[in-house]
Amino acid sequence: MKVLGISMGRKNERSDIYCKQALMGVEAAAKASGKEIEVEFINTVTMDIEQCRGCGACSKAPDGKIKCILKDDYLELEEKVLDADGIIIVAPVYSVGIVGQLKNFLDRFGAAHDRASMIDEQNKRRQDGRPLLDERYFKDRYCSYIAVGGAWTEDWTCLGLPMMHLFSCSQAMKVVGQINANDQGRKTSPFLDPPMMADVFAMGENLANNLGVPYEETTWFGKEGTCPVCHLNLLMVNGTDTVTCPVCGIHGKITVEDGKLRVNFPKEQIARARNTITGLNEHHAEIGEMMRICIPILQEKKEFLAEKKKEYMAYKPKWS
Ligand SMILES: Cc1cc2nc3c(=O)[nH]c(=O)nc-3n(C[C@H](O)[C@H](O)[C@H](O)COP(=O)(O)O)c2cc1C
């Protein structure tokens, strides 16, 4: 089995150190358990990973391999991710959320490798006798995340870990651990924070121990959090007693007991979280339904829409 450590921070700075520390934890657990695990480390900071152009070419895969039309360093990282069984991503928090490079990567990787649409597509290919999709698209994978932030207040890092989960959800990867490594400014260096280094090591050990374990039997490393799926505390409220976890897309009911806010997420909601095949199938069906509705409208309004588009294409405002 293979574990890939991805650091998106500056070379040889905090994210690199935490990522290598977690990989050392993976190796220690492998040695202790006798599991055969190879580890690899990559720093992506100087990699060129452009924004998805939304062209849709990746959904065609005529020879069974999803190919992005952009020929940049995304392709190298994509191959490494597909080869891995476990992935540790350590990324700095920039502007309260993930670094742009990770968002660019997951925009290009996630939708293109959506596991529900891959399963559907593979079944169709089997029936039609077309080349089958790469088997790596259907592999269970395990992830752990570390968001590295300078601020000592968590509100300045609060979208780091939640946005990192967007990497794993489309492929239904299982997240088994996470750490919000905020307060890096005051702490100065990971080497001056032995408790954090011990946690990061243990998170790596936990990832190694979970490789190959059925998702429902995996063990979690990190804070428990409010949402039982992502273990985070982000909630969308809508003026009723129902709240939604924006990371997992599941609904729960709020109660306040002894001044403490609790959310009960029913089992059926947990089962349809965004990172499950059920949740992904729901979204796949939603996209299918959207197409069913919009294609006849596009046909019917073809001339009108073409004229309107021309108007807007001709509109080219410019500073004088
Ligand atoms: C452009 C930029 C924006 C940043 N925004 C935040 C932020 O919103 N919250 C925070 O906690 N730290 C922020 N930081 C600090 C970094 O997260 C911190 O320096 C981290 O250690 C960088 O990771 P590295 O040491 O692995 O490169 C920002 C740093 C940069 C360069």
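Above this text you will find the structure in question.
Conventions adopted
Within every chain, residues take consecutive numbers counted from 1 along the sequence as written. Per-residue local features of the predicted model are confined to residues with pLDDT of at least 70, and side-chain atom pairs are confined, for both listing and counting, to 80 or more; whole-chain, interface and lining totals are unaffected and use all residues. What counts as a helix is a DSSP run of H or I of at least four residues, what counts as a strand is a run of E of at least two, and both are numbered from the N terminus. Radius of gyration here uses only the C-alpha atoms, and the compact-globule reference equals 2.2 Å multiplied by the residue count raised to the power 0.38. In this scheme the burial state of a residue depends on its C-beta neighbours within 10 Å: 20 or more other such atoms mean buried, 12 or fewer mean exposed, and anything in between means partly exposed; the C-beta positions come from the backbone. Contacts here follow a simple rule: the backbone-placed C-beta atoms of the two residues must lie within 7 Å. Nonpolar cores are identified as sets of buried Ala, Val, Leu, Ile, Met, Phe, Trp, Tyr and Cys residues joined via C-beta atoms within 7 Å. By definition, a residue lies near a molecule or strand when the C-beta atom built from its backbone is within 6 Å of it. Polarity classes work like this: nonpolar for Ala, Val, Leu, Ile, Met, Phe, Trp, Tyr, Cys and Pro, charged for Asp, Glu, Lys and Arg, and polar for all others, with Gly in that last group. Every crossover in which the path from the first strand over the helix to the second runs clockwise, viewed with the strands pointing away from the viewer, is termed right-handed. Lines are fitted to the C-alpha atoms to define the axes, a helix being fitted only along its stretch in contact, and any angle between axes, read from their N-to-C directions, falls within 0 to 180 degrees. Take the far helix as the reference: if the near one is turned anticlockwise from it by less than a right angle, the crossing is left-handed, and if turned clockwise, right-handed. In this scheme, a helix's expected span is set at 1.5 Å multiplied by one less than its residue total. By definition, two strands form a pair when at least two bridges between them are found by DSSP. Here roughly perpendicular refers to angles of 65 to 115 degrees, roughly parallel to angles under 35, roughly antiparallel to angles over 145, and oblique to all remaining angles.

A. Region of the structure containing the overall build of the chain. Broken down by element type, the chain carries 10 helices and 10 strands. On C-alpha atoms alone, the chain measures out to a radius of gyration of 22 Å, which is about the 20 Å that the 2.2 N^0.38 rule sets for 320 residues. Projected onto its principal axes, the C-alpha positions of the chain cover 65 × 55 × 50 Å. Residue burial in the chain is summarised as follows: out of 320 residues, 36% are buried. A separation of at least 24 residues holds for 68% of the contacts in the chain among residues at least 6 apart in sequence.

B. Seen up close, the nonpolar core. Ile88 and Ala91 are the most contacted members of the largest nonpolar core, which has 67 residues in total. By residue number, the principal contributor to this core is helix H1 (residues 14-33), which donates 7 residues.

C. Structural context of the site of the ligand. Every one of the 18 residues lining the ligand counts as a neighbour, but Gly9, Ser15, Pro92, Gly149 and Ala151 are closest to it. Of all the secondary-structure elements, those providing two or more residues to the shell around the ligand are H1 and strand S3 (86-94). Per element, the largest residue contribution to the shell around the ligand is 3 residues, and it comes from S3. Its residues assigned to classes, the shell around the ligand shows 7 nonpolar, 8 polar and 3 charged.

D. Representation of the pairing of strand S6 (residues 174-181) within the structure. A large share of S6 lies buried, amounting to 6 of its 8 residues. Between the parallel elements strand S5 (residues 142-148) and S6, the chain passes through helix H5 (residues 160-169) in a crossover that is right-handed.

E. Quick peek at the packing of helix H2 (residues 74-83) against helix H3 (residues 100-110). Where H2 meets H3, the axes come as close as 11 Å, and the angle between the chain directions of the two elements is 65 degrees. Note that H2 runs across H3; the crossing there is right-handed. Between H2 and H3, the contacting residues are Tyr74, Leu77, Glu78 and Val81 on the first element and Phe105, Arg108 and Phe109 on the second.

F. Up close: unusual backbone geometry. Non-glycine residue Ser95 carries a positive phi angle of around 50 degrees. C-beta crowding within 10 Å serves as the criterion here: with 9 such atoms nearby, Ser95 is assigned to the exposed category. The phi angle at Asp258 is positive, at roughly 50 degrees, despite the residue not being glycine. Residue position: Asp258 is located in the loop between strand S9 (250-257) and strand S10 (260-264). The class of Asp258 is exposed, set by 5 C-beta atoms lying within 10 Å.

G. Here's a closer look at H1. Between its terminal C-alpha atoms H1 stretches 29 Å, which fits the 28 Å expected from 20 residues at 1.5 Å a residue. Gly34 occupies a position one or two residues after H1 and carries a positive phi of about 85 degrees.

H. Quick peek at the sheet that holds S10. Strand order in the open sheet formed by 4 strands is S7-S8-S9-S10, with antiparallel pairing between adjacent strands. The strands lining the two open edges of the sheet, one partner per strand, are strand S7 (236-237) and S10.

I. Representation of the pairing of S10. Where S9 and S10 come together, 5 bridges link them in antiparallel fashion. Residue pairing across strands places Val256 opposite Leu261, the latter belonging to S10. Remark: 2 residues form the turn of the hairpin made by S9 and S10, two consecutive strands paired antiparallel; Asp258 in that turn has positive phi of roughly 50 degrees.

J. Summary view of the environment of Ala61. Tracing the chain through its elements places Ala61 in the loop between strand S2 (38-43) and H2. Exposure remark for Ala61: the 19 C-beta atoms within 10 Å place this residue in the partly exposed category. Sequence-wise, Ala61 and Ala202 are 141 residues apart; in three dimensions their C-alpha atoms are separated by 39 Å.

K. Representation of the packing of helix H4 (residues 115-128) against helix H9 (residues 277-300) within the structure. Running from N to C, H4 and H9 point in directions that differ by 75 degrees, and their axes come no closer than 8 Å. By the angle between their directions, the pair H4 and H9 is classed as roughly perpendicular. Contacts from Arg115, Ala116, Ser117 and Asp120 in H4 reach Ile277, Leu280, Asn281 and His284 in H9. Across the contact of H4 with H9, the residue classes tally to 3 nonpolar, 3 polar and 2 charged.

L. How the structure looks around H5. Across the 10 residues of H5, 9 count as buried, placing the element largely inside the fold. Listed in full, the buried residues belonging to H5 are Gly160, Leu161, Pro162, Met163, Met164, His165, Phe167, Ser168 and Cys169.

M. Up close: the environment of Val45. Considering the arrangement of structural elements, one finds Val45 in the loop between S2 and H2. Judged by the 15 C-beta atoms lying within 10 Å of it, Val45 is partly exposed. Between the C-alpha atoms of Val45 and Val256, which are 211 residues apart in sequence, the distance is 44 Å.

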